[in-house]
Amino acid sequence: MRVLKVANTSVAVSSEQESRWPELAAASLEAVSQGVREVPTVWFRTDEGVVGSIPVSDSAEVGFADEEHPVGFLGAITHFGPEAEPTH
């Protein structure tokens, strides 16, 4: 399975989701520069009900890999980017 890895967690991603990562990361940085957000993050939701955000930072390395048994697996991404952000 293809996974997105950050720190000690991973989520399954489709090829389309993986290809969107650079665009989503750039949009999160742009939102910070425009004062819309304080911290650059990309939101996600998984089929396991997990809602979270991935930091966009040099100190939080994001990688993609093929792994059968990924560490810290949170499920497969069902929503990625702004559509995954919790509403208040």
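This is a predicted model, so every value here is computed, not measured.

The rules behind each value
Along each chain, residues carry numbers from 1 onward, in the same order as the chain's sequence is written. A pLDDT threshold of at least 70 governs which residues receive local features in this predicted model, and a stricter bar of 80 or more applies before side-chain atom pairs are shown or counted, although totals over entire chains, interfaces and linings include all residues. Think of the side-chain values as coming from all heavy atoms in the structure, minus any hydrogens and water. Working definition: helices are DSSP H or I runs of at least four residues, strands are E runs of at least two. Numbering for both runs from the N terminus. What makes two residues a contact is simply this: any of their non-hydrogen atoms within 4.5 Å. Expected helix span is given by 1.5 Å per residue-to-residue step, counting one fewer step than there are residues. In this scheme, the bend at a residue equals the angle between the axes fitted to the seven residues that finish there and the seven that begin there. Accessibility here uses a 1.4 Å probe with only protein chains present; expressed as a share of the type maximum, an area under 20% marks a residue as buried, one over 50% as exposed, and anything in between as partly exposed.

For Ala7, which is not glycine, the phi dihedral falls at a positive 55°. Checked against the element boundaries, Ala7 lands in the loop between β1 (2–6) and β2 (9–12).

Attention now moves to the side chain of Ser10. By the secondary structure assignment, Ser10 is in strand β2. Ignoring anything within four residues of it in the chain, the contact list for Ser10 reads Val3, Leu4, Lys5, Pro70, Val71, Gly72, Phe73, Leu74 and Gly75.

Moving on, we come to helix α1 (residues 15–33). Between its terminal C-alpha atoms α1 stretches 29 Å, which fits the 27 Å expected from 19 residues at 1.5 Å a residue. Bending of α1 peaks at approximately 40° at the position of Trp21, with proline Pro22 no more than four residues after it. Within α1 the residues assigned to the buried category are Gln17, Trp21, Leu24, Ala25, Ser28 and Ala31.

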